[in-house]
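# Fold and geometry: a report
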Amino acid sequence: MYFKMDQKFKDYFKTNLRQIFFYIIDDCNLRCEQCLYKTEIAFQIEKKEVDFDDAIKLLSDFREMGAVKLTLMGGEPTLYGIKQQNRPLLELIKKAKELGYEYVRIDTNGQFNSSLLEQPEFKMLDEITFSIDGPNKEINDPIRGYGSFDKCVKNIKRAKELGYNIDITACISKFLIERDEDGNLYLDRMIKFAEDLGIERINFHNLFKTGVPRDCFSGNLDISIKDWFRVWNEIEDKVDNKEYKIPVRIPQSFTTKEKFDENPAYYGYCSCKTGSRILIHPNGMLRVCSLMIGTPYAIARYYDGKIVWDDSPTNELRAHKMDENTPCTNQSKNNKYGEFVPVCVSFKPKQQEMIWKELNWENKRIEDKIRVIVADDNEETRNQVTGILDKINGVDVVATADTPEDTYNKIIKYVPEMVFTKFNFENDNMNGLDIIKKSKETLNENVPAFNFIAKEIPKEDFLEARRMIGDKMNTIIREQTQVRYDGIINDYKDYKKMNV
Ligand SMILES: C[S@@+](CC[C@H](N)C(=O)[O-])C[C@H]1O[C@@H](n2cnc3c(N)ncnc32)[C@H](O)[C@@H]1O
Ligand code: SF4
Ligand code: SF4
């Protein structure tokens, strides 16, 4: 270790540290309306850039503590060492890879000289994230600066040509939750815009006024909770129905008190409590919560070869009940939101983000609607079963099917949790076992749980189904009654709770 660290600092992270957000520079060539980093850019009494030597030492020490993912940001990270043709930035990327960081990414406004993309060290990046706040310059430029859209898109296209792995991040301002003349949400158009550019995925941040210091910079762009949920549900449905070509990471921002209380382990996500990340700033601040940027609050400071734990009232963790699952502490300080409670700004359900997946956070979700498919060639039975399931709380019939082939196709399309299907369809060679087999081959562990609508099925078929998908060969339903279906769903909910 290069830095002499306080034991309290080590104790806080234990072995959980996984990712670093490295704010390498407190300077920027843009002045975005909403920028949460404005105070840091505006004034520092001494340093505006992190010392190169300190940067390498911190990377090395935090790698030793377990960090594997690194985000270079700021301010604008492509200005780091600009007077030396970005050599310090390029060396930092190279060194991070040499130290064993598995995933090194940069978060940029995309205004840099395109020649940077040609540099061999820059090509070592695992991802470039370009920030752009609208699908056209009319929306983006008033927020991020005139001319910024064209410059950024030009660099995205060049990066794409060069084979970079590219992400777009957009802030959801009030403009993105409006609709165009054809009724399309601009948020939807933003996703389509990213798809058309051929980039890998899109990520969103929300602009709410929640009474935290960074809200002072949200100008007139913020959105209301009511408007948000209208939009959030629409986008979530589209994500669930796989209507987008690329993964969409979108913050939930709020949930109801009721939902939070049903599933606090899931909604209580807070980086301060997982101890899995650290934010490093040039002025020596070491933080966890990004909402504390621009404030005196941090967990520690680094200077003169030491990392000193903050034992004073400015330790940001003092606000938290560290052993309890609570709504977002910092966003709960000043505001009350009626029936809603705020969740972490990084709480983006179902996201395919590396650390979220490592923490297996989705596994803690219990109360989501169980998405089911009903399949039977007899229309009357199909309608009867659908009617029964529609009456059960927490169940969503996402599709029906009338042939085995149709059932398989809908399973692949909708990836439901449960299927209620006839076993032997009339005039069809393919039976329930064949549907399981084909679905398992395509979906592996995402194969749904199967319930067969049948008086009997051959014992060997039942055993074969169990062999293929284990417990997911759930049951045979001989009588189509509300009580029977209620029982199946309740047992399934219990099973999910036990497996969290
Ligand atoms: C602070 S910037 C630093 C990196 C770089 N300058 C950029 O713009 O990508 C990091 C990300 O934070 C986003 N951001 C800025 N202000 C925000 C705010 N008030 N709330 C949420 N995200 C914000 C930016 O749009 C950008 O995607
Ligand atoms: S480009 Fe990034 S750091 Fe610069 S003002 Fe915009 S959001 Fe802030
Ligand atoms: S935004 Fe809220 S929940 Fe997330 S780290 Fe900060 S305090 Fe915790």
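This is a predicted model, so every value here is computed, not measured.

## So, the overall build of the chain
- In terms of helices and strands, the chain carries 18 helices and 19 strands.
- Its C-alpha atoms give the chain a radius of gyration of 26 Å, near enough to 23 Å, the size a compact globule of 500 residues would have.
- With the principal axes as the frame, the chain shows a C-alpha extent of 80 × 50 × 45 Å.
- Buried residues in the chain amount to 41% of all 500 residues.
- Long-range contacts, defined here as pairs at least 24 residues apart, represent 73% of the contacts in the chain between residues at least 6 apart.

## Notes on unusual backbone geometry
- Even without glycine at this site, Asp304 takes up a positive phi of about 50°.
- Within the secondary structure layout, Asp304 lies in the loop between strand S12 (300–303) and strand S13 (306–309).
- Positive phi values are uncommon outside glycine, yet Lys350 reaches one of about 65°.
- When you line up the elements, Lys350 lands in the loop between strand S14 (340–342) and helix H13 (354–358).

## Section: the site of ligand 2
- If you check the shell around ligand 2, you find Cys28, Leu30, Arg31, Cys32, Cys35, Tyr37, Gly74, Gly75, Glu76, Asn109 and Ser131 and nothing else.
- Taken together, the residues of the shell around ligand 2 break down into 5 nonpolar, 4 polar and 2 charged.

## Some points on the sheet that holds strand S17 (residues 418–422)
- Strand order in the open sheet formed by 5 strands is S16-S15-S17-S18-S19, with parallel pairing between adjacent strands. This sheet does not close on itself; its edge strands, each paired only once, are strand S16 (395–401) and strand S19 (473–477). Looking at each pair of strands side by side, their axes are set apart by 20° on average, direction ignored.
- Together, strand S15 (370–375), S16, S17 and strand S18 (449–453) form the strand contacts of helix H14 (residues 379–390), whose direction differs from that of S16 by roughly 165°.

## Examining helix H16 (residues 432–443)
- End to end, H16 covers 16 Å across 12 residues, agreeing with the expected 16 Å (1.5 Å per residue, within 8%).
- Taken together, the buried positions of H16 are occupied by Gly432, Leu433, Ile435, Ile436 and Ser439. One face of H16 carries all of its buried residues, which in axial projection span an arc of 155°. Residues Glu441 and Thr442 are exposed on H16 and point more than 90 degrees away from its buried face.
- Residues of H16 that are buried in the fold lie against helix H15 (404–414), S17, S18 and helix H17 (459–469).

## Digging into the domain arrangement of the chain
- Taken as a whole, the chain is organised into domain 1 (4–364) and domain 2 (370–494).
- For domain 1 and domain 2, the distance between their C-alpha centroids amounts to 41 Å.

## Looking at the environment of Gly305
- Relative to the elements of secondary structure, Gly305 occurs in the loop between S12 and S13.
- Separated by 248 residues in the primary sequence, Gly305 and Lys57 have C-alpha atoms spaced 9.2 Å apart.
- When neighbours within four sequence positions are excluded, Gly305 is seen to be in contact with Phe3 and Lys4.

## Here's the deal with the sheet that holds strand S4 (residues 103–108)
- Read from one edge to the other, the open sheet built from 12 strands follows the order S1-S13-S12-S11-S10-S2-S3-S4-S5-S6-S7-S8, with strand pairing classed as mixed. Only two strands of the sheet have a single partner each, and these edge strands are strand S1 (4–5) and strand S8 (248–249).
- With 4 bridges joining them, strand S2 (residues 19–25) and strand S10 (residues 277–280) adopt parallel strand pairing. Its bridge partner being in S10, Phe22 is matched across the sheet by Ile280.

## Concerning the pairing of S15
- The buried fraction of S15 is high, at 5 of 6 residues.
- Examined bridge by bridge, S15 and S16 share 6 bridges and lie parallel to one another. Each bridged residue has a counterpart across the sheet, and for Ala375 the counterpart in S16 is Ala401.
- A crossover links S15 with its parallel partner S16, the connecting element being H14, and its sense is right-handed.

## Looking at the site of ligand 3
- Taken together, the neighbourhood of ligand 3 is formed by Cys270, Ser271, Cys272, Cys289, Leu291, Cys328, Thr329, Asn330, Gln331, Cys344, Val345 and Ser346.
- Elements with a minimum of two residues in the shell around ligand 3: helix H11 (271–274) and helix H12 (329–332).
- Among the elements that take part in the shell around ligand 3, H12 stands out by supplying 3 residues, more than any other.

## Digging into the pairing of S13
- One ladder, built from 2 bridges, connects S1 with S13; its direction is parallel. Looking at the pairing, Met5 lines up with Ile307 of S13.
- Here 4 bridges tie S12 to S13, and the two strands are oriented antiparallel to one another. Each residue of the ladder has a partner; that of Ala300, found in S13, is Trp309.
- Hairpin remark: S12 followed by S13, antiparallel, with 2 residues in the connecting loop; positive phi at Asp304, about 50°.

## Description of the packing of H15 against H16
- Closest axis-to-axis distance for the H15/H16 pair is 10 Å, and the angle between their directions is 25°. Taken together, the axes of H15 and H16 are roughly parallel relative to one another. Judged by the sense of rotation from one axis to the other, the crossing of H15 with H16 is right-handed. Between H15 and H16, the residues in contact are Pro404, Thr407, Tyr408, Ile411 and Ile412 and Asp434, Ile435, Lys438, Ser439 and Thr442, respectively.
- Grouping the constituent residues of the contact of H15 with H16 by class yields 5 nonpolar, 3 polar and 2 charged.

The rules behind each value
- Each chain carries its own residue numbering, running from 1 in the direction its sequence is written.
- Labels follow written order: the first chain is A, the first ligand is 1, and so on.
- Residues qualify for local features only when their pLDDT is at least 70, as the model is predicted, and side-chain atom pairs are given and counted only at 80 or more; totals for whole chains, interfaces and linings, by contrast, use all residues.
- Secondary structure counts use DSSP, requiring at least four H or I residues in a row for a helix and at least two E residues in a row for a strand, with both numbered from the N terminus.
- As a reference, a globule follows 2.2 Å times the number of residues to the power 0.38, and the radius of gyration itself is taken over C-alpha atoms.
- With C-beta atoms placed from the backbone, a residue is labelled by how many other C-beta atoms lie within 10 Å of its own: buried for 20 or more, exposed for 12 or fewer, partly exposed between the two.
- Residue pairs are scored as contacts if the distance between their C-beta atoms, which are placed from the backbone, is within 7 Å.
- In this analysis, residues qualify as near a molecule or strand once their C-beta atom, positioned from backbone atoms, comes within 6 Å of it.
- Throughout, the ten residues Ala, Val, Leu, Ile, Met, Phe, Trp, Tyr, Cys and Pro are labelled nonpolar, Asp, Glu, Lys and Arg are labelled charged, and all others, Gly among them, are labelled polar.
- When DSSP finds at least two bridges between two strands, those strands are taken to pair.
- Under this scheme, a helix contributes an axis fitted over its contacting stretch, all axes are lines through C-alpha atoms, and angles between N-to-C directions fall in the 0 to 180 degree range.
- A helix is expected to reach a length of 1.5 Å times the quantity of its residues less one.
- As used here, the arc belongs to the directions running from the helix axis to the C-beta atoms.
- For each domain, the first and last residues come from an automatic or database assignment.
- By definition, the crossover connecting two strands over a helix is right-handed if that path, from the first strand to the second, turns clockwise as seen with the strands pointing away from the viewer.
- Should an angle fall under 35 degrees it is taken as roughly parallel, and over 145 as roughly antiparallel, whereas 65 to 115 is taken as roughly perpendicular and any remaining angle as oblique.
- By the definition used in this description, the sense in which the near helix is turned from the far one sets the handedness, with an anticlockwise turn below a right angle giving left-handed and a clockwise turn giving right-handed.

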